[in-house]
Protein chains: 2
Amino acid sequence: MDSSKLGSSDRLLLAALNLIAAKGYNGVTTLEIATEAGLSEKTLFRQFGSKQKLLEAAFDRYHYAEEMKKLFSEKLVWDLEEDLLLVSKTYHEIMNRNRKLIQISLKEEGQLPGFRERTHKHPLQLLDILTNYFITMSEKGKMIPTNPEMHAFSFMMMNFGAFMNDLDSHKNYATISLEPFIQESVKIFARALQP
Amino acid sequence: MDSSKLGSSDRLLLAALNLIAAKGYNGVTTLEIATEAGLSEKTLFRQFGSKQKLLEAAFDRYHYAEEMKKLFSEKLVWDLEEDLLLVSKTYHEIMNRNRKLIQISLKEEGQLPGFRERTHKHPLQLLDILTNYFITMSEKGKMIPTNPEMHAFSFMMMNFGAFMNDLDSHKNYATISLEPFIQESVKIFARALQP
DNA sequence: TTTGACTGTCAGTACTGACTGTCATTTGGT
DNA sequence: ACCAAATGACAGTCAGTACTGACAGTCAAA
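In this text, all values refer to a predicted model and were calculated from it rather than measured experimentally.

Engineer: Explain the nonpolar core to me, and be specific about the residues and the numbers.
Structural biologist: Counting residues in each nonpolar core, the largest one holds 79 residues, and the members touching the most others are Phe189(A) and Phe189(B). Setting aside residues no more than four positions away along its own chain, Phe189(A) makes contact with Leu84(A), His151(A), Ser154(A), Phe155(A), Met158(A), Met158(B), Ile188(B) and Phe189(B). Ranked by size, the runner-up nonpolar core spans 24 residues in total, among them Tyr25(B), Leu54(B), Leu112(B) and Phe115(B).

Engineer: Before we move on, can you summarise the protein's contact with DNA strand D with the specific residues and values?
Structural biologist: The immediate surroundings of DNA strand D are formed by 16 residues, with Lys42(A), Lys51(A), Ser8(B), Thr43(B) and Arg46(B) found nearest. The protein-proximal atoms of DNA strand D, defined as those within 4 Å of the protein, are 52% sugar or phosphate. Note that a base nitrogen of DNA strand D is positioned 2.7 Å from one of the side-chain N or O atoms of Lys42(A). Ser40(B) is positioned with one of its backbone polar atoms (N or O) 3.0 Å from a phosphate oxygen of DNA strand D. Considering each element in turn, the surface near DNA strand D owes the most residues, four residues, to helix α3 (residues 41-48) of chain B. Of the residues belonging to the surface near DNA strand D, the class tally is three nonpolar, eight polar and five charged.

Engineer: Give a description of helix α10 (residues 178-193) of chain A that names residues and reports values.
Structural biologist: The terminal C-alpha atoms of α10(A), which comprises 16 residues, lie 22 Å apart, in line with the 22 Å expected from a rise of 1.5 Å per residue. In the core, the buried residues of α10(A) are packed alongside α6 (80-97), α8 (115-139) and α9 (148-167) of chain A together with α9 (148-167) and α10 (178-193) of chain B.

Engineer: Any chance you could break down the pattern of salt bridges for me, citing the residues and the numbers?
Structural biologist: For side chains bearing opposite charge, pairing can occur when the charged atoms are close. Residues and elements named next belong to chain A. Scanning the entire structure with this criterion turns up 10 salt bridges over all chains. A salt bridge links Arg118 to Asp60, with the nearest nitrogen and oxygen atoms 2.4 Å apart. Here the residue Arg118 occupies a position in helix α8, and Asp60 occupies one in helix α4 (residues 51-62), the gap between them amounting to 58 residues. Looking at Asp60, the relative accessible area reads 53%, which means it is exposed. Note that Asp166 is salt-bridged to Arg99, the shortest N-O span being 3.8 Å. Here Asp166 is found in helix α9, whereas its partner Arg99 is found in helix α7 (residues 99-108), with 67 residues between them in sequence.

Engineer: Break down unusual backbone geometry for me, citing the residues and quoting the values.
Structural biologist: All names here are of chain A. Within the chain, Asn147 stands out as a residue other than glycine whose phi angle is a positive 50 degrees. Relative to the assigned elements, Asn147 resides in the loop between α8 and α9. In this structure Asn147 comes out as partly exposed when scored by relative accessible area, which is 34%.

Engineer: Requested: an account of the protein's contact with DNA strand C, with residues and values cited.
Structural biologist: Taken together, 16 residues surround DNA strand C, and among them Ser8(A), Thr43(A), Arg46(A), Gln47(A) and Lys42(B) come closest. Counting only the atoms of DNA strand C within 4 Å of the protein, the fraction contributed by sugar and phosphate is 50%. The side chain of Gln47(A) places a nitrogen or oxygen atom 2.8 Å from a phosphate oxygen of DNA strand C. The backbone of Val28(B) places a nitrogen or oxygen atom 3.3 Å from a phosphate oxygen of DNA strand C. Sorting elements by how many residues they give to the surface near DNA strand C places helix α3 (residues 41-48) of chain A first, with four residues. Split by residue class, the surface near DNA strand C holds three nonpolar, eight polar and five charged.

Engineer: Tell me about the interface of chain A and chain B, and name the residues and values.
Structural biologist: Opposite the 43 residues of chain A that make contact, chain B presents 43 residues. Summing both sides of the interface, chain A and chain B together bury roughly 3900 Å²; the carbon and sulfur share of this comes to 65%. At the surface where chain A touches chain B, the tally comes to zero salt bridges. Elements supplying a minimum of two residues to the side of chain A that touches chain B: α1 (8-23), α7, α8, α9 and α10 of chain A. With 11 residues, the top contributor of residues to the side of chain A that touches chain B is α9(A). Among the residues forming the side of chain A that touches chain B, the class breakdown is 22 nonpolar, 12 polar and nine charged.

Engineer: Lay out the environment of Leu13(A) in plain terms, naming residues and giving numbers.
Structural biologist: Residues and elements named next belong to chain A. Along the chain, Leu13 turns up in helix α1. Along the sequence, Leu13 and Arg61 sit 48 residues apart, while their C-alpha atoms lie 8.2 Å from each other. Excluding residues within four positions of it along the chain, Leu13 makes contact with Phe48, Leu54, Ala57, Ala58, Arg61 and Tyr62.

Calculation notes
Residues numbered from 1 in each chain as written. Chains lettered and ligands numbered in written order. Predicted model: local features only at pLDDT ≥ 70, side-chain atom pairs only at ≥ 80, totals over all residues. Heavy atoms only, no water. Core = buried A, V, L, I, M, F, W, Y, C linked by side-chain atoms within 4.5 Å. Buried < 20%, exposed > 50% of the residue type's maximum accessible area, 1.4 Å probe, protein only. Contact = heavy atoms within 4.5 Å. Near = heavy atom within 4 Å. Polar contact = N/O pair within 3.5 Å; in protein donor to acceptor, adjacent residues only side chain to side chain. Helix = DSSP H or I, 4+ residues; strand = E, 2+ residues; numbered from the N terminus. Nonpolar A, V, L, I, M, F, W, Y, C, P; charged D, E, K, R; others polar. Expected span 1.5 Å × (residues − 1). Salt bridge = Lys/Arg side-chain N within 4 Å of Asp/Glu carboxyl O. Buried area = accessible area lost by both parts, 1.4 Å probe.

Nothing here speaks to function; it is geometry throughout.
In structure tokens:
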């Protein structure tokens, strides 16, 4: 979290992201944000005009948005366990990259409309990819053919749940860490879905 | 949400719960809450003294807290699929009953400490029960014996994810509803964990 | 040296929101 | 009808907070 050698506006954006994720939009003052960034409140307003625009700028700047469809069509090897592992890891990578943004969009949904959509666009895309993957796999006879959408949904929900549970720094179920969970949970689905 | 024939304090508690769940503690004014309850702001303060105490009272009043260990020891029939179905349904029942409370504890964690713990106490208890159930089941030879904790955790995370996804009124993945998900997801685990 | 971009300080404005006090009014029980 | 408790209407206090304006300092480029 050291932003000592960043430009002023980046320091402000980062400070805003961290503080708003922790205490909510209404729970943080512009003075607090500026102080955290090591700058004066005045500078904040000079750069961004308003508190709202500051948050929006932070979202725009730090929202990780990347197409991944092509990536997947190349990486999939049509082995159920291996591919599920790839999907799971990719999912957690995306979610972790956008961790703060997701925290904010959870707390502030209803007040800052549109934020939730943006943080969930890519996971949604992954669900789509996975469903189609399941359909193709069952056509190849490498998987049971029933309910591919629901199987994909269940898999994604499991990973979503694990991520959410982890969001506030591992408070609940502290004994279990992410890596072994990914490994084992993938095995469960690979075993259940094999023909 | 019609609270027309309730007492004043109950109307206030319900209004507070609904509004705070929707807009966050700092996003709602005492005037708003009182108006929503059809009462004057003055009455709110006469009854509860402060905004904080109002929220705490709402938590105490509406937090569904019930022991369930005995319940389970009676209801389990030692058939994997049937019992997983019971656990899953119980989980969603508890979570839905406390839906608003959970929404609040998510948004306000970090500001209102202790709330999160209370909403997660019972789900945590369920994880414990399920782990022990898996251990016993594998001793009976009705289940694969590896990693019972992780299997239980994966199952709970899947349900937690589905619930979280549903929290803001079915916005994402709108085509999928809860009941079929429960049925199918239970089948997945039953299939994966059978010996 | 001069200029311009950037930042800080400080005082101040406009508004919001939690909370109080006072007094009139309503309501429910006897 | 009468009383007491609950409620409302209204004005007001006080602290906080987003945001502005005026002015001054720093520093690098021209």
